[in-house]
Structures are given as C-alpha cells and as structure tokens.
Amino acid sequence: MAQPPLYLDHAASTPLLDVARDALAQGFAAWANPSSPHRQGRAARALLEDARARVKAALGWPGEVVFTSGASEALALAIAHAKADRVLVGAVEHDAVLRPAGEAAPRLVVDGNGVIDLAALDRALEGPTALIAVQQVNSETGVIQPLDRIAARVREAGGVLLADCAQAAGKIALPDADLIALSAHKFGGPIGIGALLVRDFALLRAPGGQERGYRAGTENMPGALAMAAALEAGDGWMDQAAQLRSHLDAGVIAAGGSIVAGTAPRCPTIGSVRMPGISAAAQLIRFDAAGIAVSAGSACSSGSLKPSHVLSAMGLDPKTVGEVIRVSIGRETGEADIERFLSLWRLMAQGAGR
C-alpha cells in the first residue's frame, strides 16, 4: 500500500495555516479598496491598519511596515530606493538580492560555513555610503549570519543594513537591521503578501503610490490580515524542529553522508545534506517517486542545471556541490516523517557504496 505524500520542502513554501485561511475569508468579506474614501473603503483601511499593527507587535518591530507582494519585491524596493551610494551583497545571497543588485555589486566573501568574513566586510565598508544586503538565514544551508555584529560595523561606517529574513521571520528573533524583507508563505501565511520593515523612512526614497508612497498598487488587505494571523501563531514549534533536524543530521552521518555547515549556527528548520556518489538530481527523482518532497537548493534555482552559487562560494568542489539536497521542516513534521526520509536515504546510500 502506497504511503501518503510527505512534504519536506517547507523552505520553499509552507502550508496555509487555518488561522490564516480564516483571516483571508474575513478580508475577502470586506472587499472594498482600502484607498477609497467612502464608508466601505474606510472599513477596509481600518482592517489593513489593524493588520499592520499586529505584524509589528508579533515581530516586536518598532519601525514602519510597508506591505509588498513578498520578500522579492521588498528586497528589490530596498535596493532600488535606499539612500546609499552603492550596494554590497553577500556571496551566498538569494537570487532575489543578486538580481536587483546587479552583476557589478561587490560580493562579500564568506568562510567555509558561508558566514560573512567580518574583516573583509570592514574593508568593503571603507568609502561611499553603502547598502549592505545579507540574508539572516541562508535558504540553502540554514546558516545564521551574525547580523548583530554586522549591524554594528555597518552603522559605525554610516551604512544601511538590509536583512533578507524570508527564512527567519516567524521562527527566530529578527536582527538589528535598518531594512528587513519577509514573505508570509514562508511561515504559514498565503503566497502574494510580504513586507519591507523600515526602521526609519528617512533611509528610503518614496517612489510613489500607496503604502505612504513607498509601494504602488491596491493594498492586499486580506493577505495582510492572513500574514498577521500566521505570525501570531508563534514560534513555539522551534524546539521540536531542532530535535527533528538533529535526528536528521545524525541519521545522515550514520549512513555515510555529511552535513553542509554542520558546525555553524543554523536555523532548526533547514538541513543541507550530501550523499556521496549520487547526484542531487538522482536523489530528487528517487525521493519524489517515493512521495517525499525535498529540493536541491532554493526553489527559484532548483530547476536550473547550474551548480549552487551558495555552496560554491563556501569552497565546496563541483562534485560535492552536485550531491547536496535540502530537507526543510515545518510545523506538522514529526519524528516518523524524518525516519521515513532516512529509511530511503539509507537504501540509496547503500547502493551508492557498492
């Protein structure tokens, strides 16, 4: 008898929480445009502003919230309109940062765990005012950057710190950054809503439109309500996620595999694992055939034939890079799910060793 599908790709997207679905329904019932001056518009506006206040409270954020369509738009908005003379990006950033920053943006080097080299950062900060874009939790490896230490250096140099917190928000505490991007579907909210958190609007030029002039387009009030509800669900499942990821790591190592950046601080929800002798593509086919959803790197690049720029920047050789997959844990993941993954992993690893 076939087993039910098992989803272990929560870093790509998460199932919609019931509370978020209920909040969407509430928002759809109040269907008016929040920018309209009439009674229905004012009611929609009140719901939108309530969602904004709830997002700030859930995140403990003292600044402003600009709702966007997701983290990618938030990052592009910040990179295009931050008051800085140049942009610096980490070498292991998501494509949502690398694309708007452009090929000419200097890449900050990282160590073998993918952590920003602070001495190199200090050298790069010398010169004109810079916007520095760094991912709090790497979407491929789960490695957590020391953003509080990075923030201190950036502020001392008079720069602006943009933190990509798409994988971190709703799971671990936000960093001390000037601009923060997040996306609701990474923590149980719906696809199509996110936010740029802004410590001070003086850091950002207003391109015009809604959201106090910082983002054009009719506001997605139902999405904002659902995003707030998902954040309010809390991070109480992180201890369980840490135990599951520890079980995953131990099982992979016992079967002859290895953990990427296994000694670095990592978010409990992401494991980057290597099976020597079997390509990531072959692994994905086997797992998918068994009803287990995992990925090779971030969702935006997993369908590409190019090797992971993240793993390459960490110094991994091409063969190793090509044997790494990502397993990511969600709220509903249990011990039996990890063991089911490991059972197939062991079978595959035994075959590779023959």
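In this report, the structure presented in the accompanying data block is examined. None of the values given here were measured: they were computed from a predicted structure.

Some details on the sheet that holds strand 5 (residues 130-135)
The strands making up a sheet associate through backbone hydrogen bonding, with each pair oriented either parallel or antiparallel. What the seven strands build is an open sheet, ordered 2-8-7-6-5-3-4; its pairing is mixed. Two strands close off the open sheet at either side, each with one partner strand: strand 2 (64-68) and strand 4 (107-108). With five bridges joining them, strand 2 and strand 8 (residues 194-198) adopt antiparallel strand pairing. Within strand 8, the position partnered with Glu 64 by the bridge is Val 198. In this fold helix 3 (residues 71-81) packs onto strand 2, strand 3 (86-90), strand 5, strand 6 (160-164), strand 7 (179-183) and strand 8, with an angle of close to 160° to the strand it touches most, strand 7.

A word on unusual backbone geometry
Phi angles above zero are rare outside glycine, and Glu 211 is one such case at about 50°. Within the secondary structure, Glu 211 is located in helix 7 (residues 210-213). At Arg 212, a residue that is not glycine, the phi angle is positive and equals roughly 60°.

Details of the sheet that holds strand 12 (residues 324-328)
In space, the three strands of this open sheet follow the order 9-10-12, with antiparallel pairing throughout. Looking at strand neighbours, the two that pair on one side only are strand 9 (258-259) and strand 12, the edges of this open sheet. Both strand 9 and strand 10 (residues 270-274) contribute to a ladder of two bridges, which runs antiparallel. Each residue of the ladder has a partner; that of Ile 259, found in strand 10, is Val 273.

Comments concerning the packing of helix 5 (residues 118-125) against helix 6 (residues 147-156)
Across the interface, helix 5 lies against helix 6 with an axial gap of 10 Å and an inter-helix angle of 20°. Here helix 5 lies roughly parallel to helix 6, going by the angle between them. Crossing handedness for the pair helix 5 and helix 6: right-handed. Contact residues: Leu 118, Leu 121, Asp 122 and Leu 125 in helix 5; Arg 149, Ile 150, Arg 153 and Val 154 in helix 6. For the contact of helix 5 with helix 6, the residue count by class is five nonpolar, no polar and three charged.

What counts and how
- Residues numbered from 1 in each chain as written.
- Predicted model: local features only at pLDDT ≥ 70, side-chain atom pairs only at ≥ 80, totals over all residues.
- Heavy atoms only, no water.
- Pairing = 2+ DSSP bridges.
- Helix = DSSP H or I, 4+ residues; strand = E, 2+ residues; numbered from the N terminus.
- Contact = heavy atoms within 4.5 Å.
- Axes fitted to C-alpha atoms, helices over the stretch in contact; angles between N-to-C directions.
- Parallel < 35°, antiparallel > 145°, perpendicular 65-115°, else oblique.
- Left-handed = near helix turned anticlockwise from the far one by under 90°.
- Nonpolar A, V, L, I, M, F, W, Y, C, P; charged D, E, K, R; others polar.

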